[in-house]
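Structural overview
This is what each chain is made of:
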Amino acid sequence: MITDIYYFSGTGNSLYIARELHNRIPDSRLIPIAALLNRRSKKTNKNIKATAKTNGIVFPCHGLTIPIPVKKFLRYLDLTSSEYLFAIATRGGTIFHGFEAIDKILHNQGTRLDASFIINMAMNDPKLKSFTIPSTKELYTLEKIIQTKLNLIQDTVINHKSYHDNINGVTFSRFNSLNYILERIVPFAVHHISPKVKKYFYTDSKCTGCGICEKVCLSEKIKIVNDRPIWQKNKTCYMCYACLNYCPTQSIQIYSKFYMKSFTEEKERYSHPYALVKDIVIQKLDPTTH
Ligand SMILES: Cc1cc2nc3c(=O)[nH]c(=O)nc-3n(C[C@H](O)[C@H](O)[C@H](O)COP(=O)(O)O)c2cc1C
């Protein structure tokens, strides 16, 4: 019985999980969400048909919920032939409301998640105050926990068991009412405000025009013009931060209009140790070539 693992990954954490599962689940196929979305013609407006009986989605947590492209993808995904559906969110460690969001979308198709899992991994958002690159020792400890979690996921998925992880994680404050408000503002900001901000990403003088940002840009928003990246207005940013984290000179920065300064200068960058530029770029290629 075939298992299709659909994945989206900006800096390789979710890709690593998807690949590990692919190695553990017989007859499984890895399918990149970015390629499916970027190839879907707006004119024909066709749904993306899931053909396997077992289907899974692996993605990062963005702004406490599912990333923009995953939301879009789920809206187009026709699951009528699917018998079992699971989702895996990788995250830096906050509370996560993405599984509710997924079930809301699936409700229209008369279905819901059979299993949902959360995996804590390294944070890839350098604009956060608490952002640090994990040491080798920390990564090793994390990896041991990840492998135990993968054992559970493998057994659950192969045997079509029902399972739902606890979504708890770091919240914003001690006050429930403040959390209630912020937990609604943050996803809205990540999905609707940040992708529309005029000067969100910019390059500083370290930019060499190498074009890696254009290559890893999963939404195809970045174009190199006169040796500099341009974030095209007519494309929606997927907020994956691949451009920011894979820039070899760390010249891509995030500008805060509110504070009128950069959030990311002087900060290091993160990508999963096993995810090179080519591993991110492959997500944009024809899924049948994987
Ligand atoms: C725009 C953005 C928003 C994020 N928001 C959250 C969040 O709300 N909670 C959290 O725990 N991690 C958050 N993260 C961290 C990622 O979920 C985490 O590092 C993930 O494992 C990255 O996976 P990837 O390498 O497959 O993209 C965010 C990352 C980005 C780029």
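Right, let's walk through the structure included here. (Residues numbered from 1 in each chain as written. Predicted model: local features only at pLDDT ≥ 70, side-chain atom pairs only at ≥ 80, totals over all residues. Heavy atoms only, no water.)

**Things to note about the overall build of the chain**
Secondary structure summary: the chain contains nine helices and 13 strands in total. In summary, the chain has a C-alpha radius of gyration of 19 Å against a globular reference of 19 Å for 290 residues, a match within 12%. Expressed as lengths along the three principal axes of its C-alpha atoms, the size of the chain is roughly 55 × 50 × 35 Å. For the chain, buried positions account for 50% of its 290 residues. Considering only contacts in the chain between residues 6 or more positions apart, those separated by 24 or more positions represent 78%. (Helix = DSSP H or I, 4+ residues; strand = E, 2+ residues; numbered from the N terminus. Rg over C-alpha atoms; globule rule 2.2 N^0.38 Å. Buried < 20%, exposed > 50% of the residue type's maximum accessible area, 1.4 Å probe, protein only. Contact = heavy atoms within 4.5 Å.)

**Some remarks on the site of the ligand**
Among the 21 residues in the neighbourhood of the ligand, the closest are listed as Ser9, Thr11, Ser14, Cys61 and Thr94. Take Gly10: an N or O atom from its main chain is 2.9 Å from an oxygen atom of the ligand. In the environment of the ligand, an oxygen atom lies 2.8 Å from a nitrogen or oxygen atom belonging to the backbone of Leu64. Protein coverage of the free-state accessible area of the ligand, which is 650 Å², stands at 97%. Of all the elements in the fold, those that place two or more residues in the shell around the ligand are α1 (13–24) and β6 (84–91). (Near = heavy atom within 4 Å. Polar contact = N/O pair within 3.5 Å; in protein donor to acceptor, adjacent residues only side chain to side chain. Areas by Shrake-Rupley, 256 points an atom, 1.4 Å probe, with all protein chains shown as cover.)

**Observations concerning the sheet that holds strand β1 (residues 3–7)**
Strand order in the open sheet formed by six strands is β2-β1-β4-β6-β7-β8, and the pairing between neighbours is parallel. Pairing within the sheet leaves two strands with one partner each, and these edge strands are β2 (28–32) and β8 (163–164). Direction of pairing for β1 relative to β2: parallel, over a ladder of five bridges. Across the sheet, the residue bridging to Thr3 is Ser28, located in β2. (Pairing = 2+ DSSP bridges.)

**Concerning the nonpolar core**
Of all hydrophobic cores here, the largest spans 37 residues; its most connected members are Tyr6, Phe59, Leu74, Phe99 and Ile102. Beyond its immediate sequence surroundings of up to four residues, Phe59 is in contact with Phe8, Ser14, Ile66, Pro67, Val70, Ala87, Ile88, Ala89, Thr90, Phe96, Phe99 and Ile102. Ile25, Phe117, Met121 and Ile153 belong to the second largest nonpolar core, which has 21 residues in total. (Core = buried A, V, L, I, M, F, W, Y, C linked by side-chain atoms within 4.5 Å.)

**Focus on the sheet that holds strand β9 (residues 201–203)**
Reading across the sheet, the three strands line up as β9-β12-β13 and stay open at both edges, with antiparallel pairing between neighbours. Bordering the open sheet on either side are β9 and β13 (261–262), each of which pairs with just one other strand. Across two bridges, the pairing between strand β12 (residues 252–256) and β13 is antiparallel. Bridged to Tyr255 within β13 is Ser262.

**Comments concerning unusual backbone geometry**
Despite not being glycine, Leu64 shows a phi value in the positive range, around 70°. Structurally, Leu64 can be placed in the loop between β4 (54–60) and α3 (68–76).

**A few points about the environment of Pro187**
For Pro187, the location among the structural elements is in helix α6 (residues 176–193). Classification of Pro187 by relative accessible area gives buried; the value is 17%. Residues Pro187 and Gly98 lie 89 residues apart in sequence; the distance between their C-alpha atoms is 9.6 Å.

**As for the packing of α1 against helix α5 (residues 136–158)**
Close contact between α1 and α5 brings their axes to 10 Å; oriented N to C, the two are set at 50°. One way to sum up the angle between α1 and α5 is to call them oblique. Of the two elements, α1 crosses α5, and the hand of that crossing is right-handed. Each of Tyr16, Ile17, Glu20, Leu21 and Arg24 in α1 lies in contact with α5, whose residues at this interface are Glu143, Ile146, Gln147, Leu150, Asn151, Ile153, Gln154 and Ile158. Here the residues of the contact of α1 with α5 are counted per class, giving seven nonpolar, three polar and three charged. (Axes fitted to C-alpha atoms, helices over the stretch in contact; angles between N-to-C directions. Parallel < 35°, antiparallel > 145°, perpendicular 65-115°, else oblique. Left-handed = near helix turned anticlockwise from the far one by under 90°. Nonpolar A, V, L, I, M, F, W, Y, C, P; charged D, E, K, R; others polar.)

**Regarding the pattern of salt bridges**
Where side chains of opposite charge bring their charged atoms close, a pairing between them can arise. Scanning the model with the defined rule gives nine salt bridges in all. Where salt bridges share partners, they join Arg19, Lys278 and Asp279 into one cluster. (Salt bridge = Lys/Arg side-chain N within 4 Å of Asp/Glu carboxyl O.)

**Topic: the environment of Gly211**
Checked against the element boundaries, Gly211 lands in the loop between β9 and α7 (212–216). Exposure remark for Gly211: the relative accessible area of 12% places this residue in the buried category. Separated by 99 residues in sequence, Gly211 and Arg112 place their C-alpha atoms 41 Å apart.

**A word on helix α4 (residues 98–107)**
Every buried residue of α4 is listed here: Gly98, Phe99, Ile102, Asp103, Ile105 and Leu106. Projected down its long axis, α4 shows its buried positions confined to an angular sector of 160°, all on one face. Opposite the packed face of α4, turned more than 90 degrees from it, sit the exposed residues Lys104 and His107. Considering only its buried residues, α4 is in contact with β4, α3, β6 and β7 (115–120). (Arc of directions from axis to C-beta.)

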